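Below are the chains, spelled out letter by letter.
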Amino acid sequence: MGPLLFVPHGTAISMAKAAKEEVPADLSVEDWSKYINDKYGGQLVSKPQEFDTLKMRRFSSGSIDVDCAIGGGWPLSRIVLIAGDESTGKTFWALKAMNSIENYDHLTHLHKDFVKPEAFQRGRAMFVDVEGTFDEDWAKKLRVDLEWHYIARPEHQQQAIDIVSDSIKRNLFDLIILDSVAAMCPMEEQDASAEDNTVALAARKNNQAFRKWGADLNLMSQRTKSGGPCIILLNQMRISIGFTMGDPRFIPGGQMQKFAASIIVLTRAAEYDDTKTSALSQVKLKGTTKKNKTYPPRQNYETTLYLADTKEVAVGQLENVSPLMKRGKDLGLIQIGKQVTFGKTVTNTQGEFKALLASSAALQRQLWRSIINVTCGDCSI
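Residues numbered from 1 in each chain as written. Predicted model: local features only at pLDDT ≥ 70, side-chain atom pairs only at ≥ 80, totals over all residues. Heavy atoms only, no water.

Asks: Help me out: how do you make sense of the overall build of the protein in this one?
Replies: For the protein, the count of helices and strands is twelve helices and 15 strands. Judged by the C-alpha coordinates and their principal axes, the protein covers about 105 × 60 × 45 Å. Of all intrachain contacts in the protein linking residues separated by at least 6 positions in sequence, the fraction that spans at least 24 positions is 64%. (Helix = DSSP H or I, 4+ residues; strand = E, 2+ residues; numbered from the N terminus. Contact = heavy atoms within 4.5 Å.)

Right under this line is the structure:
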């Protein structure tokens, strides 16, 4: 047996590590990025144009005013927070998004007009009904295909979080709606006595969920070219007790929702229009984008929702014809002269053009896309 050699503790490990990681100190940027990608696997460091998922996909909200306010439509692979007082249109916009996502391909997230009919797989949504108040009749009036989409009715907060997390990882849905954040009740709180202290328990678990969902969406965007679903969180404002200055309202359910959301839309009190018979015929929905990481924030929207059937429109429809006309003229897309022209469409008067626009879904889509492309940039809604 030969003489024993004394090796300081950790030296052998350090030497093996150094031998394993012999990396030149003067690597170029290109070589360094290749080294990092080889070391960790995958495409972690590249130039922006080499990341396919940085090319954001969007789908229409169903309103030209809202689309222009948020940057061309709701973004895929992002979290959106819609918050406001009661009866300001939060659930309406969520159901409208469910109806809209049906027109987008599940694999490419492109509008069906840009996908070959034989390859088109229409998008699907899941409505996580935490409050247990999903209105099937109202959803049908908004033309939501209830035979196509799914409803989740979790028993407590942990179930809701796990359902959303698992569906993101499996890339089963293109849109996930959570109604609502404030209604998320932890299992411990359900089983506890009213005397037990559960302050901030729900908020802590929500904050953990929002971080988890953000990470899951980021991972999905790296693994698939189409990216993950759009997550729409609904929440209702609360009043802070004892607040004396400024706006006393706050968004309950944890602060992380405001950090995780790429877009925060604050809905405002609606304006109602009553008929002579005192039956509500229409309502003006208003709001503003408080935060937007995909487009300049602080944009306002205002649109009219019809609550009764008329000769021109059906209940649940939005007034898009007049806003399309106005935006088209303001942007110079609709030329007003001896005749009214838009592309190859020519009419003698503005009234004739508006009537044609109201009767032609194809013309509306063409003008809609032109407005979005000029206002928000090139996108395939």
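Asks: Just checking my understanding: could you explain the packing of helix α6 (residues 157-170) against helix α8 (residues 201-223) for this structure?
Replies: Axis angle and axis distance: for two packed helices, these are the angle between their axes and the distance between the axes, and together they describe the pair. Interhelical geometry of α6 versus α8 gives an angle of 5° and a closest axis separation of 10 Å. For the element pair α6 / α8, the angle class is roughly parallel. Contacts from Gln157, Gln158, Ile161, Val164, Ser165, Ile168 and Lys169 of α6 reach α8 at Ala202, Lys205, Asn206, Ala209, Lys212, Trp213, Asp216, Leu217 and Met220. Partitioning the contact of α6 with α8 into residue classes produces eight nonpolar, four polar and four charged. (Axes fitted to C-alpha atoms, helices over the stretch in contact; angles between N-to-C directions. Parallel < 35°, antiparallel > 145°, perpendicular 65-115°, else oblique. Nonpolar A, V, L, I, M, F, W, Y, C, P; charged D, E, K, R; others polar.)

Asks: Help me understand the pairing of strand β3 (residues 79-84) in this model?
Replies: Each regular strand shows side chains that alternate between the opposite faces of the sheet. Most of β3 sits inside the fold, with six of its six residues counted as buried. Every second residue of β3 is oriented toward a common face, with Ile79, Leu81 and Ala83 on one face and Val80, Ile82 and Gly84 on the other, all of them buried. Pairing of β3 with strand β7 (residues 230-236) involves six bridges; the strand directions are parallel. When the bridges of β7 are listed, Ile79 appears paired with Ile231. (Buried < 20%, exposed > 50% of the residue type's maximum accessible area, 1.4 Å probe, protein only. Pairing = 2+ DSSP bridges.)

Asks: Any chance you could explain the pairing of strand β4 (residues 125-129) here in plain terms?
Replies: Here β4 lies mainly inside the structure; five of its five residues are buried. By the alternation rule, side chains of β4 split into Ala125, Phe127 and Asp129 and Met126 and Val128, which are all buried. Summarising the sheet, β4 and strand β6 (residues 175-179) pair through five bridges and their orientation is parallel. Looking across to β6, one finds that Phe127 is bridged to Ile177. Both β4 and strand β5 (residues 150-152) contribute to a ladder of three bridges, which runs parallel.

Asks: Mind showing me how you'd approach the nonpolar core here?
Replies: Grouped burial of nonpolar side chains is what soluble globular proteins tend to show. Phe59, Trp74, Leu175 and Ile232 are the most contacted members of the largest nonpolar core, which has 53 residues in total. Examining the composition of this core, we find that seven residues originate from one element, helix α4 (residues 90-101), more than from any other. Here Trp74 is in contact with Arg57, Arg58, Phe59, Ser60, Ser61, Val66, Val80, Ile82, Ala97, Cys230 and Val265, once residues within four sequence places are set aside. By size, the runner-up hydrophobic cluster in this structure holds 29 residues, among which are Ile79, Leu217, Met237 and Ala260. (Core = buried A, V, L, I, M, F, W, Y, C linked by side-chain atoms within 4.5 Å.)

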